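Now for the letters of each chain:
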Amino acid sequence: MTLKAFSYRFYPTPEQESLLRRTLGCTRLVYNRALAIRTEAWYKEQKRVGYAETSSMLTEWKKTEELDFLNKVSCVPLQQCLRHLQTAYTNFFDGRAKYPNFKKKRNGGSAEFTKSAFKFKDGQVYLAKSTQALPIRWSRTLPDGATPSTLSVKLAPSGRWSVSLLVDVEIEALPRTDNQVGIDLGVTSLLTLSTGEKIGNPKGFKAKYSKLRRAQKSLSRKQKGSNNRYKARLKVAKVYQEITDARKDNLHKLTTRLVRENQTIAVEDLAVKNMVKNRKLALAISDASWGELVRQLDYKCDWYGRSLIKIDRWFPSSKRCGNCGHIVEKMPLNIREWDCPQCGTHHDRDINAAKNILAAGLAVSVCGATVRPEQSKSVKAGAKSPRGRKQKAKS
Ligand SMILES: [Zn+2]
């Protein structure tokens, strides 16, 4: 069984909206307070405050007159946000993420409800402290007999409400295939496959970006604190949401296709943070679509019985000749095609890189994680098997 998230939009009634906004506000307050306390304890006394301590603080806060309003909303999201803060700290200490940030009202927010905080009856969702079902727009049906174990309600900066239901489902592995593919992050296109195929951004992407730029410029001209600035910010958030939606939709279609078609997929494990600093690459992969792409490939491979191999990010995929293994000194980003000085093979930069990634990935999957691709000295190839993990994933 695998946990799969099903997301839907919903349109709350005025009472529900008021309750949910208060819930999000309380969640934000609890999160920010706990974060402030943990930060101060660390910087002033080098003391670590953990989840358990923050949880008992929450109990105390609820008893004070000043924070009595915390009792008016479901207690589960408040508890959950402290768990999320704990996860954020764990990720920070393990070097996977930056130090947690304070939550801001203008960024919307989310609230997580576990089983005790909602009811699922006759295919409808009833949140704690609310008598009416959530008016969810069921754009696709939940699997037969499925009961959500957790749900989270989200308010986007654009003002859009959505709910995501976590359901345990049985997913059948796809029939085996002999196809395998290496994927490179293209300079001119979004992705390049080792088959020679180049995949671009969805249509109308550039137009949407200019729309975003215009909206952002208009926002910057508005006076701080004015109503017009508020409206302009909402406009920016809406255009941004359009772009995110289009990109996400595109990535899902793409990853599903790649996983269906191939038994083995090799990708570079890139540090997106560093990549986005490069402005030429920034448009193609901005907002960490590469990270999202790898994340989707990871869990989809896991679902459908495929393997994903991640190659060390320092593997010189672009500088290495896929034919003879010669490694050139430099490969500036503006070079699209080149000839190998050793064997004379003419290469398309991105296709050659994708082929190298596939070759390195296959070598790693056959020989184990310590193998070094031939003729490269500075290379550490690392493989990670994504199988056998239960994970929370968006479909
Ligand atoms: Zn060569």
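The notes below deal with the structure included here. (Residues numbered from 1 in each chain as written. Predicted model: local features only at pLDDT ≥ 70, side-chain atom pairs only at ≥ 80, totals over all residues. Heavy atoms only, no water.)

## A few points about the overall build of the protein
Which entries qualify depends on this criterion: The numbering of helices and of strands both runs from the N terminus, where a helix is a DSSP run of H or I of at least 4 residues and a strand a run of E of at least 2. Relative accessibility thresholds used throughout: buried, under 20% of the residue-type maximum; exposed, over 50%; partly exposed, between the two (1.4 Å probe, protein chains only). Only heavy atoms enter the contact rule, under which two residues are in contact if any of them lie within 4.5 Å. The method behind every accessible area is Shrake-Rupley, applied with a 1.4 Å probe, and residues are considered shielded solely by the protein chains displayed.
Counting secondary structure elements, the protein contains nine helices and 14 strands. Within the protein, buried positions represent 45% of all 395 residues. Considering only contacts within the protein whose residues lie at least 6 apart along the sequence, 71% involve residues at least 24 apart. Carbon together with sulfur atoms contributes 51% to the accessible area of the protein, which is approximately 21,700 Å² in total.

## Here we look at the side chain of Asp184
Put simply, the rule reads: For the purpose of counting charges, residues Lys and Arg are taken to be positive, whereas Asp and Glu are taken to be negative. His and the chain ends are not included. Each reported salt bridge corresponds to a side-chain nitrogen of Lys or Arg within 4 Å of a carboxyl oxygen of Asp or Glu.
For Asp184, the position within the fold is in strand β8 (residues 180-185). For the buried residue Asp184, which engages in no salt bridge, the nearest side chain bearing the opposite charge is Arg349, 6.0 Å off. Once you skip the residues sitting within four places of it in the chain, Asp184 turns out to touch Leu190, Leu191, Thr192, Glu268, Ser317, Asp350, Ala353, Ala354 and Ile357.

## Here we look at the pattern of salt bridges
All told, the structure shown has 14 salt bridges when counted by the stated rule. Glu292 serves as the salt-bridge partner of Arg295, at 3.1 Å between the closest nitrogen and oxygen. In this pair, Arg295 and Glu292 are both assigned in helix α8 (residues 289-304), three residues apart and thus about one turn of the helix distant. Through salt bridges with shared partners, a single network forms among Glu197, Arg257 and Glu261.

## Section: the coordination of the zinc ion
The following threshold applies: Here the term donor refers to an N, O or S atom within 2.8 Å of the metal (or 3.2 Å for Na, K and Ca), and because water is left out of the atoms, sites may appear incomplete. Angle rules define the geometry names used: all angles between 85 and 135 degrees makes four donors tetrahedral, while opposite donors over 155 degrees apart and all other angles between 65 and 115 make four donors square planar and six octahedral, leaving every other case irregular.
Coordination of the zinc ion by the protein is provided by Cys321 (SG), Cys324 (SG), Cys340 (SG) and Cys343 (SG), with metal-donor distances spanning 2.3 Å. Angles of 107 to 111° at the metal separate the four donor atoms of the zinc ion, which places the site in the tetrahedral class. Accessibility expressed as a relative area gives 0% for Cys321, which makes it buried.

## Thoughts on α8
Note the following rule: Multiplying one less than the number of residues by 1.5 Å gives the expected span of a helix.
For α8, spanning 16 residues, the distance from its first C-alpha to its last is 22 Å, which sits close to the expected 22 Å at 1.5 Å a residue. With 14 of 16 residues buried, α8 lies mostly within the body of the structure. Looking one or two residues beyond α8, the residue adopting positive phi is Gly305, at roughly 70°.

## Observations regarding the nonpolar core
Counted only if it meets this: For our purposes a nonpolar core is just a set of buried Ala, Val, Leu, Ile, Met, Phe, Trp, Tyr and Cys residues, chained together by side-chain atoms within 4.5 Å. For the domain bounds, the source is a domain assignment made automatically or taken from a database.
Grouped together as the largest cluster of nonpolar side chains are 48 residues, with contacts concentrated most on Leu127, Leu151, Val153, Val163, Ile183, Ile265 and Leu297. Per-element accounting of this core gives the leading share, eight residues, to α8. Counting the residues that make up this core, at least three belong to each of domain 1 (2-169) and domain 2 (180-201 + 248-367). Beyond its immediate chain neighbours, meaning those up to four positions away, Ile183 contacts Leu191, Thr192, Leu193, Leu258, Ile265, Ala266, Val267, Glu268, Trp290, Leu297 and Ile357.

## A closer look at the sheet that holds strand β2 (residues 109-114)
The line we're drawing: Two strands make a pair as long as DSSP finds a minimum of two bridges between them. Every axis in this analysis is a line fitted to C-alpha atoms, fitted for helices over the stretch in contact. Angles between the N-to-C directions lie between 0 and 180 degrees.
Strand order in the open sheet made by the five strands is β2-β6-β7-β1-β5, with antiparallel pairing throughout. Bordering the open sheet on either side are β2 and β5 (136-137), each of which pairs with just one other strand. With eight bridges connecting them, strand β1 (residues 2-10) and strand β7 (residues 161-169) associate as antiparallel partners. From the neighbouring strand, Leu3 faces β7, where its bridge partner is Asp168. The strands touched by helix α1 (residues 14-45) within the sheet are β1, β2, β6 (150-155) and β7, with β2 carrying the most contacts at an inclination of about 95°.

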